[in-house]
Amino acid sequence: MLVFIIKRLANAAMVMLAVALLAFMIFRFAGDPVELMANEQMSQIDRDNLRERLGLNDGFITQYARFVSDAVQGNFGISYRNGQEVLGLIAESFPATMELVIVATLLSLIIGIPMGVITAIHRGKWYTELFQFASIIGVSLPSFVVGILLILVFSVSLGLLPAFGRGDVVQLGWWSTGFLTHSGRMALILPSIALSLYQITLIMRLVRAEMLETLRSDFVKFARARGIPRYRIYFRHALRNCLMPVVTMTAMNVGSLIAFALITETVFQWPGMGMLFIQAVTFIDIPVMAAYLCIVSFIFVALNTLVDITYAVIDPRLRAATR
């Protein structure tokens, strides 16, 4: 088991080194940092001094090693746009993104699992066909289209929910939360629905496929023969055997939600990391772009590694297969 964990951690480290190299290439080729940071009144001598202070005259390997060392310590430099530390900007926007992702994940589980069970045990019913049709729409519609439609219906036409912003927030140390205010909770509804719709569809389809397979298994037939009530067979025995793939996919999709929340955050003007990244692209703020790439990639890699290790703990055959 220890060898398996070491191998997985080594693979994760190699992936992060490759991501760091990509982020470093953005620094090196997306524009001259000196020209981006300098103003029109700066002399050539000052520009040369700034270049030397930033270490841009060093070799490629030296600069890359310095970038990796700084990134490990959380030092991604200074934002070109507003002159603040990049890590501070990420820390300000990270709670907004995480709260949006948490609510979207909970919605996908709370809605997707029951819909998957219902479509599996009530095949051919009209409401099952309706759920199936709705799932096709959920897969087909882009999140920004869903967001715009939600704004038109619930904000513009009905005036029930806010169309943009995060509402009032409460500071809990460095973490800012909207869960503790009424306007913050109301502002979460539309963007979380828009972000979770695709995940709801995936979970519903996965649970349906797993339930159909489980209901054909021998232990379910024996349970029916013993006269166990149907609801216990469905929700206690069959569903329990279907949840492992759901948990795996949910854990792996958290990183996807964080990465692709930038579209939803842009539509709803949600002040999260995605909105920060869009602003960085607009103003060619390279340090923020590189930091976003590294942090989101680290979340992806950490979650995937954790899932692999958890699987190996549950099923020892996976450890033997990797030897």
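Residues numbered from 1 in each chain as written. Predicted model: local features only at pLDDT ≥ 70, side-chain atom pairs only at ≥ 80, totals over all residues. Heavy atoms only, no water.

A. The arrangement of the overall build of the protein chain in detail. Along the protein chain, the regular secondary structure elements total 13 helices and 2 strands. Taken over 323 residues, the protein chain has a buried fraction of 40%. A total of about 17700 Å² of accessible surface is found on the protein chain, and carbon and sulfur atoms cover 67% of it. (Helix = DSSP H or I, 4+ residues; strand = E, 2+ residues; numbered from the N terminus. Buried < 20%, exposed > 50% of the residue type's maximum accessible area, 1.4 Å probe, protein only. Areas by Shrake-Rupley, 256 points an atom, 1.4 Å probe, with all protein chains shown as cover.)

B. The arrangement of the packing of aromatic side chains in detail. Applying the stated criterion across every chain, the model contains 2 aromatic pairs. Plain terms: the ring middles of Phe-94 and Trp-175 are 6.3 Å apart, the flat faces sit at 85 degrees to each other, and that makes the pair edge-to-face. A residue pair is termed long-range when its members are at least 10 positions apart, and Phe-94 in helix 5 (residues 86-121) and Trp-175 in strand 2 (residues 175-177) qualify at 81 residues. Among the residues examined, Trp-175 registers a relative accessible area of 24% and is labelled partly exposed. Relative to Tyr-292, the ring of Phe-277 has its centre 4.5 Å away and its plane inclined at 25 degrees; by these criteria the two rings are stacked. (Phe/Tyr/Trp six-rings, centres within 6.5 Å; stacked < 30°, edge-to-face > 60°.)

C. Geometry of a nonpolar patch on the surface. There is a patch of nonpolar side chains on the surface, built from Phe-133, Ile-137, Leu-141, Phe-144, Ile-148, Leu-149, Leu-152, Val-153, Val-156, Leu-158, Leu-160 and Ile-263 and spanning about 1100 Å² of accessible area. Mapped onto the nonpolar patch, the elements with two or more residues apiece are helix 6 (126-140) and helix 7 (143-157). Note on placement: Leu-141 falls in the loop between helix 6 and helix 7. (Patch = residues over 30% accessible without salt bridge, like charges linked within 9 Å, V, L, I, M, F, W, Y side chains within 5 Å. Salt bridge = Lys/Arg side-chain N within 4 Å of Asp/Glu carboxyl O.)

D. Examining the packing of helix 7 against helix 10 (residues 230-267) more closely. Contact geometry for helix 7 and helix 10: axes closest at 9 Å, N-to-C directions at 25 degrees. The pairing of helix 7 with helix 10 is recorded here as roughly parallel in orientation. When the axes of helix 7 and helix 10 are compared, the crossing they make is right-handed. For the pair helix 7 and helix 10, contact is made by Ser-143, Phe-144, Gly-147, Ile-148 and Ile-151 and by Ile-263, Thr-264 and Val-267, respectively. Broken down by class, the residue content of the contact of helix 7 with helix 10 amounts to 5 nonpolar, 3 polar and no charged. (Axes fitted to C-alpha atoms, helices over the stretch in contact; angles between N-to-C directions. Parallel < 35°, antiparallel > 145°, perpendicular 65-115°, else oblique. Left-handed = near helix turned anticlockwise from the far one by under 90°. Contact = heavy atoms within 4.5 Å. Nonpolar A, V, L, I, M, F, W, Y, C, P; charged D, E, K, R; others polar.)

E. Spotlight on the side chain of Thr-128. In this fold, Thr-128 is placed in helix 6. Overall, the relative accessible area of 1% leaves Thr-128 in the buried class. Setting aside chain neighbours within four positions, we find Thr-128 in contact with Ile-118, Thr-119, His-122 and Arg-123.

F. Structural detail: the UniProt feature "transmembrane region" (unreviewed entry) in the protein chain. Mapped onto the present numbering, the UniProt feature "transmembrane region" (unreviewed entry) falls on residues 12-30, 100-121, 133-164, 184-207, 242-270 and 290-314. Segment residues 184-207 splits into 100% helix and 0% strand. End C-alpha atoms: 32 Å apart. The distance separating the terminal C-alpha atoms of residues 242-270 is 35 Å; by composition the span is 90% helix and 0% strand. (UniProt positions renumbered as here; feature names shortened; annotations may be inferred.)

G. Layout of empty space enclosed by the protein. Within the structure shown, the criterion is met by 1 cavity of 30 Å³ or more. Of the pockets and cavities examined, the largest cavity occupies roughly 40 Å³. For the lining of the largest cavity, the secondary-structure elements that each account for two or more residues are helix 5, helix 8 (182-215) and helix 10. For the lining of the largest cavity, the element with the highest residue contribution is helix 10, accounting for 5 residues. For the lining of the largest cavity, the per-class residue count stands at 4 nonpolar, 5 polar and no charged. (1 Å grid on protein atoms, 1.4 Å probe; cavity = no way out; pocket = protein on both sides within 12 Å on 5 of 7 lines; lining within 4 Å. Points joined across faces, edges and corners; volume = space filled by probe spheres on them.)

H. Expanded view of helix 5. The end-to-end C-alpha distance of helix 5, which contains 36 residues, comes to 51 Å, matching closely the 52 Å that a straight helix rising 1.5 Å per residue would cover. In the structure, helix 5 departs most strongly from a straight axis at Ser-93, where the bend amounts to approximately 35 degrees and where the proline Pro-95 lies between one and four residues downstream. (Expected span 1.5 Å × (residues − 1). Bend = angle between axes of the 7 residues up to and from the residue.)

I. Fine view of the environment of Ser-183. Locating Ser-183 in the fold gives a position in helix 8. Once the C-alpha coordinates of Ser-183 and Asp-168 are considered, the two residues, 15 residues apart in sequence, prove to be 5.8 Å apart. Filtering out sequence-adjacent residues up to four positions away, Ser-183 remains in contact with Arg-166, Gly-167 and Asp-168.

J. Layout of the nonpolar core. Within the largest apolar cluster, 40 residues are counted, with the highest numbers of intra-cluster contacts made by Phe-67, Leu-195 and Ile-258. If you list the elements that add at least two residues to this core, you get helix 1 (2-29), helix 4 (60-72), helix 5, helix 8, helix 10, helix 11 (273-282) and helix 12 (286-314). Element by element, the count of residues in this core is highest for helix 5, at 10 residues. When near neighbours in sequence (up to four residues on either side) are disregarded, Ile-258 contacts Thr-97, Met-98, Val-101, Met-273, Tyr-292, Val-296 and Ile-299. Leu-215, Ala-223, Tyr-234 and Ala-238 belong to the second largest nonpolar core, which has 19 residues in total. (Core = buried A, V, L, I, M, F, W, Y, C linked by side-chain atoms within 4.5 Å.)

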